[in-house]
Amino acid sequence: MKTKNLLLMAFTAITLIACRKDEPTPPEPPIPPTPEEPKDTISTEKGSGRTIELEEYEVDWQHWRKYGKEDKITMQEPDLVRYKFVEAVRYSHFDHKFYQNEFKHLANMFFTGQYTENLEIELEIRYTLVDMNGNLVEQFQPFTKKAREGKIADDILVYVTAPPGKYILQPLFREKGQTNWTKMVLYYQDPAEEWTVEVLPTPEKNQPYARVLQVVGMEPYPQVQCYTVPKDFTIEYVLYNPHKVNIKGEIKVQLEREFKNEGNTLFPHYKDEEVHTNLEDYAEEIGRTQVEIPAGKNGYLGTVSCVFPEHIQKSVRKDGSHGEHALFAAPDVYLYFKAEGTTEWKLIRVDATRMAKMGQNEVNSPRFTNKLYALSKKGWLKLPD
């Protein structure tokens, strides 16, 4: 129970940071400043609903297809006394989808046991995809992190080549200087439930990607993409067409807050109806528009009018301990695309080629995303002037 309360406090703190004007401290992991201003930042001076030319980011695909995947891994039995991982928080700056032959951004927070709470241990960590029979299918590049105050926060971009199917996302670790790897055992979570992921087929070439997403006439709060919007508002977006094929269809804006492993927003372990109010799942359309990118063009700038649903209520702590300045699990906004002549809506994912080129600073850039984080309806919060 102590660990679960800490978990809820940690997540509530993230939303609090996002939505309080007087506390701009970023959540863990620390968010470094963006090294340069994106060249494809939206400008409405020339109007919207038009094709634009976007910068192309050269990626060493041969490097990424092999990066960490051919390393020899020798396993050893875990030391469950020295390394006791109690729980983990899975979250994402973008979405939870995995696609074959695509980049995937991974971010997790691991809570260690009592032994490491007061120690700073430097660990090497690597993620693997294991099939449902326990066979290793794919491994990703290792990275180094320090365990501080009983927590390890990671944030990494990987390239997925595994065939479509269901897998368990299994983290491995070893103390820096060691040779053998150890499976990370989570005491209070079932990996077959909370760490099962599905790798989907490579997207078709007529599927656009998002480079920029923001609210017209508003600035997000510092460091994170958090807006407080009125009932009626307008979203601006930049789409990237990497294959320069003809793209024609509809864009749907969806307000989402779902406690599901297969969703895009929150995992089930965030949900505690004894602690917070109004924890219903929802995924509601709040706007729609048409889009067409001619063959030979790689970018599109557009807008869509949105209406915040009246019936959706804010979630807060039942005991009122965080006052009127904090929300819990505020909804996110995603764009979906339906190609002309089809019936399936597909999530518009972030264009990760920029992150692969520019490095870790791009992961948390508030100007570079495929979602609006923790959207707050005007009146939900009483913010200081």
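To be clear, the structure that these remarks concern was listed above.
Okay, so let's go over this structure. Because the structure is a prediction, the values reported are computed rather than measured.

Once that is clear, we can look at the sheet that holds strand β18 (residues 299–307). Ordered by their spatial adjacency, four strands build an open sheet running β1-β18-β15-β13, and the pairing between neighbours is antiparallel. The open sheet has two free edges, formed respectively by β1 (50–52) and β13 (209–215), since each of these has just one partner strand. Across the sheet, the axes of successive neighbouring strands diverge by a mean angle of 30 degrees, strand direction being ignored.

Attention now goes to the side chain of Arg-349. The topology assignment puts Arg-349 in the loop between β20 (346–347) and α4 (353–358). Dropping the residues within four chain positions of it, Arg-349 is found in contact with Asp-95, Lys-97, Tyr-99, Glu-102, Phe-103, Tyr-209, Ala-210 and Asn-370.

Another point: the pattern of salt bridges. This model, assessed by the stated rule, comprises 16 salt bridges. Arg-349 serves as the salt-bridge partner of Glu-102, at 2.7 Å between the closest nitrogen and oxygen. In this pair, Glu-102 sits in strand β5 (residues 102–112) while Arg-349 sits in the loop between β20 and α4, placing the two residues 247 residues apart along the sequence. Residues Glu-102 and Arg-349 agree in their burial class; the two are buried. With a closest N to O distance of 3.7 Å, Glu-310 and Lys-231 form a salt bridge. Of this pair, Glu-310 sits in the loop between β18 and β19 (332–339) while Lys-231 sits in the loop between β14 (228–229) and β15 (232–240), and the two are 79 residues apart along the sequence. On the basis of relative accessibility, which here comes to 48%, the residue Glu-310 falls in the partly exposed class. Among the charged side chains, a salt-bridge network with shared partners connects Glu-250, Glu-285, Arg-288 and Lys-338.

The rules behind these values
- Residues numbered from 1 in each chain as written.
- Predicted model: local features only at pLDDT ≥ 70, side-chain atom pairs only at ≥ 80, totals over all residues.
- Heavy atoms only, no water.
- Pairing = 2+ DSSP bridges.
- Helix = DSSP H or I, 4+ residues; strand = E, 2+ residues; numbered from the N terminus.
- Axes fitted to C-alpha atoms, helices over the stretch in contact; angles between N-to-C directions.
- Contact = heavy atoms within 4.5 Å.
- Salt bridge = Lys/Arg side-chain N within 4 Å of Asp/Glu carboxyl O.
- Buried < 20%, exposed > 50% of the residue type's maximum accessible area, 1.4 Å probe, protein only.

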